[in-house]
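# Inside the fold
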Amino acid sequence: VQLQASGGGLVQAGGSLRLSCAASGRTSRIYGAGWFRQAPGKERELVASITRSGGRTHYADSVKDRFTISRDNTKNAPAAYLQMNSLRPEDTAVYYCAASATATPVPEQLVYGYWGQGTQVTVSS
């Protein structure tokens, strides 16, 4: 499984960005997807996750009600998205998409074995 993230950029505080993650390869292995971020000097943290059906999602407290994760299960071209609204300077980080082969309906239980390259998100004050 290969993941390709895109959509990062520079935005002013209060603005919006939409990140995309396109999957290729043996995508039938993918059960869940997630977005992580890592700011300079900080550990990587989970931002949002979603199950295969898209029926269950999980968000970090810091992004609840501002970010929305979704997925498109189109055969042979599945993708995951992260809509980020009301962005704040503290959201500045490199964002990574990840995929999980863990067969669970609980997004918090996903274990990620596939990672995309990061995409930089910078929010200016």
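These figures come from a predicted structure and were not determined experimentally.

In this structure, Trp35, Phe67, Leu82, Met84 and Tyr95 are the most contacted members of the largest nonpolar core, which totals 30 residues. Those elements that provide at least two residues to this core are strand S1 (2-6), strand S3 (17-24), strand S4 (32-38), strand S5 (45-50), strand S7 (67-72), strand S8 (79-84), strand S9 (93-100) and strand S11 (119-124). In this structure Tyr95 touches Leu19, Phe36, Arg37, Val47, Phe67, Leu82, Met84, Gln117, Gly118, Thr119 and Val121, once residues within four positions along its chain are discounted. Residues Tyr96, Ala98, Leu110 and Tyr112 belong to the second largest nonpolar core, which totals five residues.

Summarising the element assignment, Arg37 is placed in strand S4. Reaching out from Arg37, the side chain makes a polar contact with the side chain of Ser62 at a distance of 3.4 Å. Within the structure, the side chain of Arg37 is placed 2.9 Å from the side chain of Asp91, a separation counted as a polar contact.

All right, on to unusual backbone geometry then. Phi angles above zero are rare outside glycine, and Asp65 is one such case at about 70°. Tracing the sequence through the fold places Asp65 in the loop between strand S6 (57-59) and S7. Overall, Asp65 belongs to the exposed group, its relative accessible area being 84%. The phi angle at Ser86 is positive, at roughly 50°, despite the residue not being glycine. Here Ser86 lies in the loop between S8 and S9.

Conventions used here
Per chain, residues are indexed from 1 in the order of the written sequence. Restriction of local features to residues with pLDDT of at least 70 applies here, the model being predicted, together with a cutoff of 80 or more for giving and counting side-chain atom pairs; totals for whole chains, interfaces and linings are based on all residues. Side-chain numbers here rest on the full set of heavy atoms in the structure, without hydrogens or water. Among buried residues, the Ala, Val, Leu, Ile, Met, Phe, Trp, Tyr and Cys ones that are joined through side-chain atoms within 4.5 Å form a nonpolar core. When a residue's accessible area, from a 1.4 Å probe over protein chains only, is under 20% of the maximum for its type it is buried; when over 50% it is exposed; and in between it is partly exposed. Secondary structure elements follow DSSP: runs of H or I no shorter than four residues count as helices, runs of E no shorter than two count as strands, and numbering proceeds from the N terminus. Residues are treated as being in contact if the distance between any of their heavy atoms lies within 4.5 Å. Under the rule applied, a polar contact is a pair of N or O atoms within 3.5 Å (in protein, one hydrogen donor and one hydrogen acceptor; residues adjacent in sequence only if both atoms are side-chain atoms).

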